[in-house]
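# Structural overview for review
Residues per chain, in single letters:
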Amino acid sequence: MGEIVYYTRAVRKNCLTQDSISRRDSRRSLSPQAGSQFRLHRRGIHGKMRLFVSEGAPGSLPVLAAAERAQGRAELLISTVGPEDCVVPFLTWPKLPVLQLDSGNYLFSTSAICRYFFLLSGWEQDDLTNQWLEWEATELQPALSAALYYLVVQGKKGEDILGPVRRALTHIDHSLSRQSCPFLAGETESLADIVLWGALYPLLQDPAYLPEELGALHSWFQTLSSQEPCQRAAETVLKQQGILALRPYLQKRPQPSSLEKRAVSNEPEEEELATLSEEDIAVAVTAWEKGLGSLPPLRPKQNPVLPVAGERNVLITSALPYVNNVPHLGNIIGCVLSADVFARYSRLRQWNTLYLCGTDEYGTATETKAMEEGLTPQEICDKYHVIHADIYRWFNISFDIFGRTTTPQQTEITQDIFQRLWNRGFVLQDTVEQLRCERCARFLADRFVEGVCPFCGYEEARGDQCDKCGKLINAIELKKPQCKVCRSRPVVKSSRHLFLDLPKLEDQLEGWLGKTLPGSDWTPNARFIIRSWLRDGLKPRCITRDLKWGTPVPLKGFEDKVFYVWFDATFGYLSITANYTDQWERWWKNPEQVNLYQFMAKDNVPFHGLVFPCSALGAEDNYTLVSHLIATEYLNYEDGKFSKSRGVGVFGDMAQETGIPADIWRFYLLYIRPEGQDSAFSWTDMLLKNNSELLNNLGNFINRAGMFVSKFFGGYVPEMMLTSDDQRLLAHVTLELQHYHQLLEKVRIRDALRSILTISRHGNQYIQVNEPWKRIKGSEADRQRAGTVTGLAVNIAALLSIMLQPYMPTVSATIAAQLQLPPPACSILPTDFLCTLPAGHQIGTVSPLFQKLENDQIESLRQRFGGGQAKASPKPAVVETVTAAGSQQIQVLMDEMTKQGNIVRELKAQKADKNQVAAEVAKLLELKKQLALAEGKPLDTPKGKKKK
């Protein structure tokens, strides 16, 4: 990377690293190991360094506590300066604390300075610490800044202060409790502890803001606060004045926005605008002027999609959902929706992309569900496969193939891998003590045993893993075990089984991880989970079960057994591809040319990052292994968990019954995607995000830009004579577009969505400042200015259309149709902001994109999905009896319904004549009736209105 220069600007919530390296220079590549840059300076550790701190500056607390780590390693001079002193010569505003290195370079992010001191002491970086630092920067600091400002500057107290930070404090407490360690990253104090302690100390020094029920947090905070380096740091910064010492510093800071009550504005925050060089502006103007001619040619469509030598070949998988479970919103965002965004983005980049998924259909779960519904396992699979496919189709998931694991190809591939492992000595035989339910007359699969965890005491632990502490469990180790089917107590009996010898494969796995992880985009939680497994040492893993419904074991003496679903389920990706093309090995036995991205929730990480790689490595058949393992945390529902049996939460088959379009669901789920920590679906928050970000920000801007073209210029894009301010806007939009690319290339899906909304805010502000609706009535120069503003704004709208496509494909297509975008502008996502709609381009009819969600509507939905739903099986599905012609007819009707629904919404938004609206509504109802008949569903009985 050459010379490292440390510089920054105000840190946004969606910062990429913990080290506050600015993205002003958009041409810099974003290293996944940003922290390693500090190692470049360790050769100068005996030189002089100067640390500038300020009394009353909260950031000075952790750096002073960490500075003692550098004792004996370097000469460090600590200088106390005023809060308005500008220490860094090239910054135009004060920034403290600052560390000036002996090289003359500066560090001025609190966590970056602390990291530097820790590295000097010989500390080795780890993923968990990096994960905590990212969380501190993106989640804790915005909330904490608001709380401190309310307390110190505005004089608020009580819940006004605790409200913004309560969720963050609870997260720390739960993390400490769950891992049963005194510190955030383990048994010893780490960089994460010092940074978080320093951030929290000004608030938590007052016991009123350290809730008593958060016992683990209380113990952690007191332990750190009692250490001498932390005590000396507190005395230096707060001068025994307590929280009041911060007032002079905070009064000179801009008022922060709280996370929960952030004001909605069309104007971008000043600190979000990067400082532009003349070169930045010139490059942006040159790219703009080239227009669509600078785009690469469209890739010809392949069928089937196969790897191409010399091109970027991207293979994307979503974790295979259990066939007998209807997916809830957490399942959808954790796997298929996140992968869909990346697949759509990959195709827009003209990468050769194959995206696949399917239902995981073998195992006891299917057998049990079949017993419950009085069907055969195959009938259950057929029924629920269609339900899954319908749900994902409604959410507009763009699979190249959505398959299933109950196929001959699955049996052939699984048995081949097993035979290769057996022949190479990687499979063991042993007798296993198992739980057998005498009442059900069957051995119980792990997931159908429930009891008390032997490690943490959690009372609802499964027979394979505890959801609370995450530890693996043998079912017979459970205390007070119960059969989940009949609730009787099972007995222990012996059975002979096969085991994958993971210890024998551990060295191969370590070697592969050593080559794969550096430079990859494995999420921090995935890295941490795999390393924790390896730290504890791998153990042989049973790969067979006493069942009938599964892949048969091709070994004498084991004819009555099948493979354990978690041994062969991940081979489902291969067999699904084999059902798609007989050239499947070009994807799955081609690691040199294929980049494999796998999407899942964090509970699936061990099987994709450890069990499958061990199996593939042991088979020695040149299998393609995961390059980038993308794991989310969990999505909760309001204040609890999703539960189909209790009627709590929205499940996939219910979302379409709410009347809220699929793209709104996609947007909100992606907006709250649990990337760094668990998040929660909230009806109130969904209403706010729809009405503020979509309706008032994005929809408002795109509608205004198009309406100005239609109203003032007859539907034709006017001539544009760019001023220096316009050129500066081009550069800002280009930088945000490039940041969007950088984020999505790192699979930072949630943060990239913020870039779209930021560009829209830039556009709204541009229109508001220039007032084209006034200028169009003025002089010739004013009318010319109105034309330029309108033309530039509608081109920004065109750019937003293609940027939105991975997130909201239907809305994207609607914008493209309204603006009549040329085909290349709908299919290729540029890396620079181009003039897509030149002067003279004719646009189509412009209409509103979004509808307001009303409070009573949302409250009704909250009540409906809060636990009062009737327990019912999913609606009957047509199971593989629909002919090809019937499927086409259904799709046509669905498309017609979507169009008609848009017409009705537009008329209502325009407050059209009631008779006209009623006529269009009648057409929509008739289409719904036709669709129901085509799908074989019973027609709803019309309900009469009650008389008043």
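Residues numbered from 1 in each chain as written. Predicted model: local features only at pLDDT ≥ 70, side-chain atom pairs only at ≥ 80, totals over all residues. Heavy atoms only, no water.

Counting its secondary structure elements, the protein chain contains 31 helices and 20 strands. Counting every position in the protein chain, which comprises 948 residues, the buried fraction comes to 57%. Taking all contacts inside the protein chain whose residues are at least 6 apart in sequence as the whole, residues at least 24 apart take part in 77%. For the protein chain, the exposed surface amounts to about 40800 Å²; the carbon and sulfur share of it is 49%. (Helix = DSSP H or I, 4+ residues; strand = E, 2+ residues; numbered from the N terminus. Buried < 20%, exposed > 50% of the residue type's maximum accessible area, 1.4 Å probe, protein only. Contact = heavy atoms within 4.5 Å. Areas by Shrake-Rupley, 256 points an atom, 1.4 Å probe, with all protein chains shown as cover.)

This model, assessed by the stated rule, comprises 35 aromatic pairs. Plain terms: the ring middles of Phe708 and Trp773 are 6.2 Å apart, the flat faces sit at 35° to each other, and that makes the pair tilted. Remark: Trp773 occurs in helix H25 (residues 772-775) and Phe708 occurs in helix H22 (residues 683-713); sequence separation between them is 65 residues. A relative accessible area of 11% places Phe708 in the buried class. An aromatic cluster is present here, built from Tyr637, Phe642, Phe651, Trp665, Tyr668, Phe681, Trp683 and Phe865 joined pairwise through their rings. (Phe/Tyr/Trp six-rings, centres within 6.5 Å; stacked < 30°, edge-to-face > 60°.)

The next subject is the nonpolar core. Counting 188 residues, the largest nonpolar core has Trp665, Trp683, Tyr740 and Tyr807 as its most contacted members. If near-sequence neighbours (up to four positions away) are discounted, Tyr740 is found in contact with Tyr345, Ala752, Ser755, Ile756, Met803, Pro806, Tyr807 and Leu829. By size, the runner-up hydrophobic cluster in this structure holds 73 residues, among which are Ala65, Ala66, Leu148 and Val237. (Core = buried A, V, L, I, M, F, W, Y, C linked by side-chain atoms within 4.5 Å.)

Okay, the side chain of Asp568 next. Assignment of secondary structure puts Asp568 in helix H16 (residues 565-568). For the buried Asp568, which has no salt bridge, the nearest side chain bearing the opposite charge is Arg545, at an N-O separation of 10 Å. Not counting the four nearest positions on each side in its chain, Asp568 is found in contact with Tyr362, Gln410, Thr414, Thr551 and Phe563. (Lys, Arg positive; Asp, Glu negative; His and termini not counted. Salt bridge = Lys/Arg side-chain N within 4 Å of Asp/Glu carboxyl O.)

Below, the discussion takes up the pairing of strand E1 (residues 48-53). Sheet analysis places E1 next to strand E2 (residues 75-80), joined by 6 bridges and oriented parallel. Paired with Leu51 across the bridge in E2 is Ile78. Where the polypeptide runs from E1 across helix H1 (residues 60-67) and back to E2, its parallel neighbour, the crossover connection is right-handed. Bridge analysis of E1 against strand E3 (residues 98-100) gives 3 bridges, and the strand direction is antiparallel. Looking at the pairing, Phe52 lines up with Val98 of E3. (Pairing = 2+ DSSP bridges. Right-handed = clockwise from strand over helix to strand, strands pointing away.)

One can describe the packing of H1 onto helix H7 (residues 228-238) by two numbers: an axis separation of 8 Å at closest approach and a directional angle of 140°. Here H1 lies oblique to H7, going by the angle between them. Seen along the crossing, H1 lies across H7 with a hand that is right-handed. In this structure, H1 uses Ser60, Leu61, Leu64 and Ala65 to contact H7, whose residues at the interface are Pro229, Cys230, Ala233, Ala234, Thr236 and Val237. Class assignment for the residues of the contact of H1 with H7 results in 8 nonpolar, 2 polar and no charged. (Axes fitted to C-alpha atoms, helices over the stretch in contact; angles between N-to-C directions. Parallel < 35°, antiparallel > 145°, perpendicular 65-115°, else oblique. Left-handed = near helix turned anticlockwise from the far one by under 90°. Nonpolar A, V, L, I, M, F, W, Y, C, P; charged D, E, K, R; others polar.)

When two helices pack together, you describe them by how their axes are tilted relative to each other and by the distance separating the axes. One way to put it is that H22 packs onto helix H24 (residues 749-770) with a least axis distance of 9 Å and a crossing angle of 50°. Taken together, the axis directions place H22 and H24 in an arrangement best described as oblique. Considering how the two elements wind past one another, H22 and H24 form a crossing that is left-handed. Contact residues: H22 offers Glu693, Asn696, Asn697, Leu698, Asn700, Phe701, Arg704, Ala705 and Phe708, while H24 offers Ile756, Leu757, Ser760, Arg761, Gly763, Asn764, Ile767 and Gln768. When grouped by side-chain class, the residues that make up the contact of H22 with H24 number 7 nonpolar, 7 polar and 3 charged.

This paragraph deals with the sheet that holds strand E11 (residues 461-462). The strand order across the open sheet formed by 3 strands is E11-E10-E12, and the pairing between neighbours is antiparallel. Edge positions in the open sheet fall to E11 and strand E12 (479-483), since each of these has one partner strand only. Relative to E11, strand E10 (residues 449-452) is paired through 2 bridges, and the arrangement is antiparallel. The residue of E11 that forms the bridge with Gly451 is Ala461.

Across the 6 residues of strand E5 (residues 313-318), 6 count as buried, placing the element largely inside the fold. Both faces of E5 are covered, namely the face carrying Asn313, Leu315 and Thr317 and the face carrying Val314, Ile316 and Ser318. Pairing of E5 with strand E6 (residues 352-359), which is carried by 5 bridges, proceeds in the parallel orientation. The residue bridging Thr317 from the neighbouring strand is Leu356, located in E6. Crossover E5 to E6 through helix H10 (residues 329-348) is right-handed.

Bringing helix H19 (residues 605-619) into the picture now. In a regular helix each residue adds 1.5 Å, so 15 residues correspond to 21 Å; H19 covers 21 Å between its end C-alpha atoms and thus fits that length. Along its length, H19 reaches its greatest deviation from straightness, about 25°, at Pro613. Among the 15 residues of H19, 15 are classified as buried, and the element is accordingly described as predominantly covered. (Expected span 1.5 Å × (residues − 1). Bend = angle between axes of the 7 residues up to and from the residue.)

Below, the discussion takes up unusual backbone geometry. In this model, Leu96 is joined to Pro97 through a cis peptide bond whose omega is -5°. In this chain, Asn303 is followed by Pro304 through a cis amide linkage whose omega measures 0°. For Lys480, which is not glycine, the phi torsion reads 50° and is therefore positive. Within the secondary structure layout, Lys480 lies in strand E12. Residue classification places Lys480 among the exposed residues on the basis of a relative accessible area of 63%. In this structure, Glu771 takes a positive phi of about 50° despite not being glycine.

Pairing within the open sheet is parallel, and its 5 strands lie in the order E7-E6-E5-E17-E18. Looking at which strands have only one partner, the edges of the open sheet turn out to be strand E7 (401-404) and strand E18 (628-632). Strand-to-strand twist across the sheet, computed as the mean angle between neighbouring axes with direction ignored, equals 20°. As judged from the 4 bridges shared by E6 and E7, these two strands associate in the parallel manner. By the bridge assignment for E7, Leu356 is matched with Ile401. Packing against the sheet, helix H17 (residues 572-580) makes contact with E5, E6, E7 and strand E17 (594-601), and its axis sits at approximately 110° to E6.

By the secondary structure assignment, Glu450 is in strand E10. Here Glu450 falls in the buried class, since its relative accessible area comes to 16%. A distance of 3.4 Å separates polar atoms of two side chains, one belonging to Glu450 and the other to Arg487. Discounting chain neighbours no more than four positions away, the residues touching Glu450 are Glu460, Ala461, Leu478, Lys480, Pro481, Gln482, Lys484 and Arg487. (Polar contact = N/O pair within 3.5 Å; in protein donor to acceptor, adjacent residues only side chain to side chain.)

This part is about the pattern of salt bridges. Throughout the structure, instances matching the rule amount to 39 salt bridges. With its nearest N and O atoms 3.9 Å apart, the salt bridge here joins Asp678 to Lys602. In this pair, Asp678 is assigned in the loop between helix H21 (662-671) and strand E20 (679-681) and Lys602 in the loop between E17 and H19, connecting sequence segments 76 residues apart. Taking the relative accessible area as the measure of exposure, Asp678 reaches 28% and is therefore partly exposed.

Our next topic: the environment of Ala147. Among the secondary structure elements, Ala147 is positioned in helix H3 (residues 127-153). A residue is classified by how much of its surface remains accessible, and Ala147, at 0% relative accessible area, is buried. Each C-alpha atom of the pair Ala147 and Ile161 lies 4.9 Å from the other, and the pair is 14 residues apart in sequence. Ala147 has contacts with Ile161 and Val165, leaving out every residue within four places of it along the chain.

In regions of low pLDDT, the predicted coordinates are not meant to be interpreted in detail. For the protein chain, the average pLDDT comes to 83, and 85% of its residues sit at 70 or higher. Low pLDDT, under 50, characterises residues 258-272; the predicted model gives this stretch 28 contacts beyond four residues in sequence or across chains. Every residue in residues 870-887 scores below 50 in pLDDT, and together they form 21 contacts with partners more than four places removed in sequence or on other chains. (pLDDT = per-residue confidence, 0-100.)

With that out of the way, let us pick up helix H26 (residues 780-804). Counted at 1.5 Å a residue, the expected span for H26 with its 25 residues is 36 Å, and the 36 Å between its end C-alpha atoms agrees. Most of H26 sits out of view: 20 of its 25 residues are buried.

Turning our attention to the environment of Asp726. Of note, Asp726 is situated in helix H23 (residues 724-745). On a C-alpha basis, the gap between Asp726 and Val285 in space is 9.6 Å, while along the polypeptide they are 441 residues apart. With residues near it in sequence (within four places) discarded, Asp726 still touches Met721, Tyr766, Arg785, Thr788 and Leu792.

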